[in-house]
Amino acid sequence: MVVVEVVVMTDESGTHYEVAVIGGGAAGLNGALMLSRARRSVVVIDSGEQRNAPAAGVHGLLGREGVPPAELLERGREEVRDYGGHLLAGEVGSVARDDAGFDVTLLDGSRISARRLLVTTGLVDELPEVAGLRERWGRDVVHCPYCHGWEVRDRAIGVLATGPMSVHQALLFRQWSFDVKFFCHTRAAPTGEEAERLAARGIEVIDGAVDSLELGERGISGVRLVGGTVVGREVLAVAPRMTARAAFLAELGLRAVEHPAGVGEHVPSDATGATDVDGVWVAGNVTDPSAQVGPAAAAGANAAARINADLVEEETARAVAAHRDPFSAESEARGCEAVMGERRHGL
């Protein structure tokens, strides 16, 4: 006998799901798609603050090259809906354990419960305090050469030193342009092997702190140093400090920690996305700051498969226990349903 669980939706407050996906980007939606196709009751809770929203297009994603981020997400939402998944606009304020698994409270006070959690809330890019930087972010102020390199190829590129990976970032962008300059900003000028590597690739090092960006009709026209000198540039590459959106997990004892590469904070997990807290998985930038859209979506699917397998194991263990004890409450309920069907409600 196949028993299909039917979840009756009444209102957004107090609704029960098998899995709550917190975060509706590529990782979250792909995870929700996999779980919905596995006939799980799923809700995606999303605040609508996608990291790549300022970008003109998503790149490096086979079959969807250049698709606008908003269009990709809307397609994903429709696909989740097509398989019975639910979407809820809102931001999670806290998560706590309850008898069903987890009690999820949104900032507006509404609550849901779920047996498992998939957290795909992404991260926040913390940019240096340089005038004009935030306004041009995602256009001619960029981060990832694989996301934007082709679009800024052969242009005058500056790289703003912000952390331990900045020299590596400059060497990468040199693949897309012969004209790359390295701005030390508030950090010491590279020495030793790093200086030699930059010089060997023809990357000029500009000492001194950066004050602001010079803007023209088409965007950036230069980088102004604190002393007033302006260095002509059309593009500025910046490696922001990346901080996981995970404060709401604190009550579970799950907190973001410093990433080993020194690029910010992330929520650690194993290769499947499982965290140190039983029943909680993570995927995408919240755990892997460097993941592009494709790898983030793949991680969401992988975590979803593991979550479904975990639920199957739990359900199988219950079924075995009921099978061994034919007079348990669960066995009695199953027998009543098999014999009486919906008539049992009239007894």
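Whatever comes next refers back to the structure up there.
From a predicted model like this one, the values you see are computed outputs, not experimental measurements.

S.K.: Sorry, what's going on with the sheet that holds strand E8 (residues 141-142) here?
M.R.: Strand-to-strand pairing in sheets goes through backbone hydrogen bonds, with the strands running parallel or antiparallel. Read across the open sheet, the 5 strands follow the order E8-E15-E9-E10-E11; overall the sheet is parallel. The open sheet has two edge strands, E8 and strand E11 (204-206), and neither has a second partner. One ladder, built from 3 bridges, connects strand E10 (residues 180-183) with E11; its direction is parallel. Directly across from Lys181, in E11, lies its bridge partner Glu204.

S.K.: Just checking my understanding: could you explain the pairing of strand E13 (residues 219-225) for this structure?
M.R.: Across a regular strand the side chains alternate sides, sitting on one face of the sheet and then on the other. Burial within E13 is extensive, with 5 of its 7 residues counted as buried. In textbook terms, the turn of a hairpin is the stretch between consecutive antiparallel strands, and for strand E12 (residues 210-216) and E13 this stretch comprises 2 residues. In terms of strand pairing, E13 meets strand E14 (residues 230-232) through 3 bridges, oriented antiparallel. Bridged to Val223 within E14 is Val231. As consecutive antiparallel partners, E13 and E14 are separated by 4 residues, and within that stretch Gly228 has a phi angle of approximately 110°, a positive value.

S.K.: Is there a simple way to think about the packing of aromatic side chains in this case?
M.R.: Centre-to-centre distance and the angle between the planes together describe a pair of aromatic rings. Scanning the entire structure with this criterion turns up 1 aromatic pair. Between the aromatic rings of Tyr146 and Trp176, the centroid separation amounts to 5.7 Å while the plane-to-plane angle is 85°, which identifies the pairing as edge-to-face. In this pair, Tyr146 sits in helix H3 (residues 145-148) while Trp176 sits in the loop between helix H4 (166-173) and E10, placing the two residues 30 residues apart along the sequence. Across from the ring centre of Trp150, 4.0 Å away, lies the NZ or CZ of Arg153, which sits over that ring.

S.K.: What should I look at first to understand the packing of H4 against helix H5 (residues 192-200) in this one?
M.R.: Helix-helix packing is described using two parameters, namely the angle between the two axes and the distance between the axes. With their axes 10 Å apart at the nearest point, H4 and H5 run at an angle of 15° to one another. Regarding the angle of H4 to H5, the classification is roughly parallel. Like other packed secondary-structure pairs, H4 and H5 cross with a definite hand, here left-handed. For the pair H4 and H5, the contacting residues are Val167, Ala170 and Leu171 in the first and Glu194, Arg197 and Leu198 in the second. The residue inventory of the contact of H4 with H5, partitioned by class, reads 4 nonpolar, no polar and 2 charged.

Criteria and thresholds
Residues numbered from 1 in each chain as written. Predicted model: local features only at pLDDT ≥ 70, side-chain atom pairs only at ≥ 80, totals over all residues. Heavy atoms only, no water. Pairing = 2+ DSSP bridges. Helix = DSSP H or I, 4+ residues; strand = E, 2+ residues; numbered from the N terminus. Buried < 20%, exposed > 50% of the residue type's maximum accessible area, 1.4 Å probe, protein only. Phe/Tyr/Trp six-rings, centres within 6.5 Å; stacked < 30°, edge-to-face > 60°. Lys NZ or Arg CZ within 6 Å of the ring centre and 35° of its normal. Axes fitted to C-alpha atoms, helices over the stretch in contact; angles between N-to-C directions. Parallel < 35°, antiparallel > 145°, perpendicular 65-115°, else oblique. Left-handed = near helix turned anticlockwise from the far one by under 90°. Contact = heavy atoms within 4.5 Å. Nonpolar A, V, L, I, M, F, W, Y, C, P; charged D, E, K, R; others polar.

In short, geometric facts, not functional conclusions.
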